[in-house]
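Residue strings, one per chain:
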Amino acid sequence: VCVCVCVVISFTMKLFGSLDYCTLLHATLVFFQAITLNVAINSHNQSLFTIVVSNQFVELKGSAFKKFEKNNLFQMSCSDIRERFHQGILLLVVILRNMTDVLWDLAHLRELVLPLAIVCGSEVLVDWIKHAFITKFNSITSTVYREYTVILARDVTDSKHHLPAADHCDLVSRRMGFIPLPLAVLLIRVVCNSIPSSGQWSICFLVIGFLCLLSFKILLGVVLLGMSCSRINTFNENNGDMRSPLRHRPQSGLPTTPYIAHQAGRHSTAGYQAPNLQTIDRFTMCSNRIV
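Notes on the structure in this doc start here. Since the structure is predicted, the reported quantities are computational estimates derived from the model, not experimental observations. In every chain, residue numbers begin from 1 and rise along the written sequence. Given that this is a predicted model, residues contribute local features only at a pLDDT of at least 70 and side-chain atom pairs are listed and counted only at 80 or more, while totals for whole chains, interfaces and linings are drawn from all residues. The side-chain quantities take in all heavy atoms of the structure and omit both hydrogens and water.

**Notes on the pattern of salt bridges**
Under the convention used in this document: What counts as a salt bridge is simple: a side-chain nitrogen of Lys or Arg found within 4 Å of a carboxyl oxygen of Asp or Glu. For the purposes of this entry, the term helix denotes a DSSP run of H or I that reaches at least four residues, the term strand denotes a run of E that reaches at least two, and both are numbered from the N terminus. Only protein chains enter the accessibility calculation, which uses a 1.4 Å probe; a residue is then buried when its area is under 20% of its type maximum, exposed when over 50%, and partly exposed in between.
Overall, the coordinates contain five salt bridges when judged by the stated rule. Note that D155 and R175 form a salt bridge whose closest N and O atoms lie 2.8 Å from each other. Residue D155 is found in helix α6 (residues 144-158), and its partner R175 is found in helix α7 (residues 168-176); the two are separated by 20 residues along the sequence. In terms of burial, D155 and R175 fall into one category: buried. One connected set of salt bridges, linked through shared partners, spans D80, R84, D127 and K130.

Listed below in structure tokens is the structure:
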């Protein structure tokens, strides 16, 4: 028994150690992205900033004129959502570092508005053109995005059951391929460096800030749950082909993740069937590729 316990403890320590190294490496790569964006915005030579903005238009070359199905478009939509959130965190890091260097002079913030707006606007423009081309040349109606919204809403509501299969952040993150830990590590480090940490007032500000963020998280969770239930109920009334999120609960204690549901669907039939939208996550193979 002691040997088994030692083996389990050793394996657990190695597993968490490898996870720590992966998180540190990922956070370092995200930090390099923030440095590149910060240098491009603050550089007097606009060449690097032009390259950063024009690099976003490379997405059009790789996806605009290719054949896409509804499943592939769902993966691309999830990837675009994750990419916009990731870019928003990077821009927040740039703002915090620049405002710290100028001692929070609001005049410098007005100088950052234009380049930040160009970065955000170019990202939105590229995504808009990309999705417009894909839906046009593949004869996909715009109503498919409502189905995508309902599927993401179900991921939020399914986690609120009495016996949830997984945490809500895990379900949504797996669906979008989003890894929150590296961004959280980077953001916490930048915030700690941007706020003075000496004196009693700084400790009070940190405690108040933590309580405000905790309250905002709870409020945001309630609002998202209400919006998700409203979207799903509206979809059920109009279509009648999707179950209500809060009336039915999982019948088994097994995790009902998209990957497990997709694998179960594959092994339950003799031939291969195209995966349903509800069983697709960010890294599910659709049409022999992952978008």
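**Focus on the layout of surface pockets**
Just so we agree on the cut-off: Cavities and pockets were defined on a 1 Å grid built from protein atoms only: a cavity is a group of points that admits a 1.4 Å probe but offers it no way out, a pocket is an open group of points flanked by protein on both sides within 12 Å along at least five of seven lines, and a lining residue is one with an atom within 4 Å of any such point. Grid points are joined across faces, edges and corners, and a volume is the space filled by probe spheres set on the points.
Considered as a void within the structure, the second largest pocket measures approximately 420 Å³ in volume. What lines the second largest pocket is a set of 14 residues, among which Q33, V52, Q56, Q87 and L90 lie closest to the centre. Mapped by element, the contributors of at least two residues to the lining of the second largest pocket are α1 (2-42), α4 (70-101) and α5 (106-137). Here the lining of the second largest pocket gets five residues from one element, more than from any other, and that element is α4.

**Describing a nonpolar patch on the surface**
Heads up, the condition is: Here, patches come from residues exposed beyond 30% relative accessible area and free of salt bridges, joined within 9 Å for like charges and within 5 Å for nonpolar side chains (Val, Leu, Ile, Met, Phe, Trp, Tyr). Accessible areas in this description were obtained via Shrake-Rupley with a 1.4 Å probe; residue shielding takes into account the shown protein chains only.
On the surface, L25, L29, F31, F32, I35, V39, L48 and I51 cluster together to form a nonpolar patch covering roughly 710 Å² of accessible area. Of all the elements in the fold, those that place two or more residues in the nonpolar patch are α1 and α2 (47-54). Looking at where F31 falls in the secondary structure, it is placed in helix α1.

**Considering helix α9 (residues 200-239)**
What counts here: Given the number of residues in a helix, its expected span is that number minus one, multiplied by 1.5 Å. We call two residues in contact when some of their heavy atoms are within 4.5 Å.
The first and last C-alpha atoms of α9 sit 58 Å apart over 40 residues, in line with the 58 Å expected at 1.5 Å per residue. Where α9 is concerned, the buried positions are S202, S228, C229, I232, F235 and N236. Looking at the buried positions of α9, the neighbouring elements they touch are α6.

**Some details on unusual backbone geometry**
Notably, W104 is not glycine yet its phi reads approximately 60°, a positive angle. Positive phi is not limited to glycine here, since S139 has a value of about 55°.

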